[in-house]
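Structural description and commentary
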Amino acid sequence: MKLADNKATLSFSNGSPSIEMPVYSGNIGPDVIDIRKLYGQSGMFTYDPGFLSTASCQSGITYIDGDKGELLYRGYPIEQLANHGDYLDTCYLLLKGELPDAKQSTDFHKLVNNHTMVNEQMQFFLRGFRRDAHPMAVLTGLVGALSAFYHDSTDITNPEHREISAIRLIAKMPTLVAMAYKYGVGQPFQYPQNNLSYSGNFLRMMFGVPCEEYKVNPVLERALDRIFILHADHEQNASTSTVRLCGSSGTNPFAAIAAGVACLWGPAHGGANEACLKMLDDIQKMGGISKVGEFMEQVKDKNSGVKLMGFGHRVYKNYDPRAKLMQETCNEVLAELGLENDPLFKLAKQVEKIALEDDYFVSRKLYPNVDFYSGIVQRAIGIPVNLFTGVFALARTVGWIAQLNEMIGDPEYKIGRPRQLFTGSPRRDIKG
Ligand code: ACO
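Read on for an overview of the structure. All of these numbers come straight from a predicted model, not from anything done at the bench.

1. Thoughts on helix H15 (residues 343-357)
With 15 residues, H15 should reach 21 Å at 1.5 Å per residue; the first-to-last C-alpha distance of 21 Å fits that figure. Buried within H15 are the following residues: Leu 344, Phe 345, Leu 347, Ala 348, Val 351, Glu 352 and Ala 355. Buried residues in H15, looked at end-on, bunch into an arc of 160°, giving them a common side. Packing partners of the buried residues in H15 comprise helix H12 (272-286), helix H13 (292-300), helix H14 (321-336), helix H16 (359-363) and helix H17 (371-381).

2. Topic: the state of the cysteines
Summed over all chains, the structure comprises zero disulfides. Take Cys 57: it sits in no disulfide, and the sulfur closest to it among the cysteines is that of Cys 263, at 15 Å.

3. Observations regarding the side chain of His 231
With respect to the element layout, His 231 can be found in the loop between helix H9 (218-230) and helix H10 (238-247). With residues up to four places along the chain from it excluded, the contact list for His 231 reads Tyr 73, Met 326, Val 370, Asp 371, Ser 374, Phe 392, Ala 395 and Arg 396.

4. Here's the deal with the environment of Pro 159
Mapped onto the elements of the fold, Pro 159 is located in helix H7 (residues 159-185). Pro 159 gets classed as exposed once you look at its relative accessible area, which sits at 54%. Sequence spacing of Pro 159 and Gly 399 is 240 residues, and the spatial spacing of their C-alpha atoms is 17 Å.

Definitions and limits used
- Residues numbered from 1 in each chain as written.
- Predicted model: local features only at pLDDT ≥ 70, side-chain atom pairs only at ≥ 80, totals over all residues.
- Heavy atoms only, no water.
- Helix = DSSP H or I, 4+ residues; strand = E, 2+ residues; numbered from the N terminus.
- Expected span 1.5 Å × (residues − 1).
- Buried < 20%, exposed > 50% of the residue type's maximum accessible area, 1.4 Å probe, protein only.
- Arc of directions from axis to C-beta.
- Contact = heavy atoms within 4.5 Å.
- Disulfide = S-S within 2.5 Å.

What follows is the structure in structure tokens.
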């Protein structure tokens, strides 16, 4: 970041001396006012619950222009990566800053493949869960438990530990997600098969069984790879900020990523694709397309507490570029599986059409986000609804690690410690 030409001046109506603060510019995007010395100079904090106007760090990984609906990973538009890239090359880009050349790409694919198995003891740990446990509960536990199985890569201050824990996490997440699924349905775990692609391997671990040969469908393989690319990183969202905050204490990478998994689970974040599909199912049960109007009235009624899941975003005030790509993938997958007339897909299109024309949504700049179509694609592939957020966590792991490692390498990094406006009781004494 560089100092901007102008400075910010904060003045007070009570006659206290005004305070000058430096302004910094990034390479693109809004400038920031540096308020770090504000408390020392004025005895006051800033108040910004939900971080509506606060940049918590400097970062060179992902850039979002919410008004334009643009998403860049290390400068590359998401459309180009989704159309021409592969997920592991995207991981390389996010972690290292540049796309790999042919040799780097082959080496990176091999490196990740070498780490796809998990310690055999982990299945005994997994077997301690109830079979009907939510996969996100299981995954939060499994990812946190990696630190108990891989002691030799838990020192966040050691660059070699950071490197190997990054590779381990990226490589093992598909195995863990598939294990969580297989455990729930009572089928044997499938060991990874390293001659398959990252997404092909995941499909086989999910849907393969020992008594039959599993053939990877290239359309589904490509669709999954695209889902992974679209979810790989998204700058300082809630789960990424959680990972940074958790990691800022110096805890190990596995523990920090487990915190990210836990945060992602919420329906306002990664849980939205599951919530979106449930919402479409509910409308379908109400009577389908003919009931969309009635449902929209509930959404617009503030007292109903009903939200249109898969719509709206803190940063995008335009079409989420990932939603457009996901819609394309949705068409391809449904065509491949002969599900073009899928009633939920038709319903989703109708909901989207009505919302995009309705003043409630238009005036609030509420557009479909990536979750609006990703649930339909995943359901068509055969992924159960309660595993959708687990697939998102798998894909986002690389973003979390890239952001965590960037923070550790930032000379300005400090333990995260927000302040508060205290509204509780002042000091008082127990009577008697
Ligand atoms: N349905 C109906 N109204 C909505 C929706 C929605 N999905 N989203 C926002 N609004 C309304 C709010 O009620 C508010 O209206 P008001 O100004 O009359 O009070 C206005 O739009 C602004 O909304 P905020 O809640 O202030 O927006 P915020 O940035 O805090 O929330 C969020 C963003 C959490 C994503 C919200 O839009 C939402 O809950 N969407 C549904 C859940 C969802 O799809 N989440 C996925 C996000 S993307 C991701 O994690 C991959």
